Amino acid sequence: MQRPGLLLLALATFLGTTPMAWASGGYGGGGGGGGSFGGYRSQSDPVYDRGKALFNGRTRPHRGLEVCLSRVAEGGEPETVPVTRRSLTPYRRGPVRDVALRLVDCEAPQERLGNRLSPDEFQSLLYYLNKRYALRLDD
């Protein structure tokens, strides 16, 4: 008579703990695989986010902005190149001023971005470039 009660208790215990075991796997909220870090949320950096939006041309007054560098080519003529890690390497560990003076809009290379953007926007853009491309610029 006690065997069916014991069997029923074991079955209830098994079924009661199984959903918790499934939930703690990769798709559960706790730990496990699948990139879950137990509720860890990174802090957003609003200055970085604003600079990224400017760089990608996603801000309302500057929609479609393309950031380029103006530099002197080997032939002595000025040229405009898109901002990439490779195009920014000559300015690494240098003053911010060197990069700031060379940032232009690809569509209008005669106008510097420092003149087109507000000081806060331009500072955000420089902050983003410094962090994104690990320029380690001096102030």
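First, a word on scope: everything that follows refers to the structure included in this document.

Reading the values: rules and limits
Residues numbered from 1 in each chain as written. Predicted model: local features only at pLDDT ≥ 70, side-chain atom pairs only at ≥ 80, totals over all residues. Heavy atoms only, no water. Pairing = 2+ DSSP bridges. Helix = DSSP H or I, 4+ residues; strand = E, 2+ residues; numbered from the N terminus. Axes fitted to C-alpha atoms, helices over the stretch in contact; angles between N-to-C directions. Patch = residues over 30% accessible without salt bridge, like charges linked within 9 Å, V, L, I, M, F, W, Y side chains within 5 Å. Areas by Shrake-Rupley, 256 points an atom, 1.4 Å probe, with all protein chains shown as cover. Salt bridge = Lys/Arg side-chain N within 4 Å of Asp/Glu carboxyl O. Lys, Arg positive; Asp, Glu negative; His and termini not counted. Charge placed at Lys NZ, Arg CZ, Asp CG, Glu CD.

Concerning the sheet that holds strand 2 (residues 78-82)
Taken together, three strands build an open sheet; the order of strands is 2-1-3 and the sheet is antiparallel. Because the sheet does not close on itself, it has two edges, and the strands there are strand 2 and strand 3 (103-105). Neighbour-to-neighbour, the strand axes of the sheet open up by a mean angle of 45 degrees, direction not taken into account. Strand direction decides the pairing type here: strand 1 (residues 67-72) and strand 3, joined by three bridges, are antiparallel.

Examining a positive patch on the surface
Where like charges cluster on the molecular surface, the positive patch consists of Lys-52, Arg-58, Arg-85, Arg-92, Arg-93, Arg-132 and Arg-136. For Arg-92, the location among the structural elements is in the loop between helix 3 (85-88) and helix 4 (96-102).

Re the pairing of strand 1
Strand direction decides the pairing type here: strand 1 and strand 2, joined by five bridges, are antiparallel. Of the residues in strand 2, the one forming a bridge with Ser-70 is Thr-80. Counting the residues in the hairpin turn of strand 1 and strand 2 gives five residues, including Gly-76, whose phi is positive at 95 degrees.

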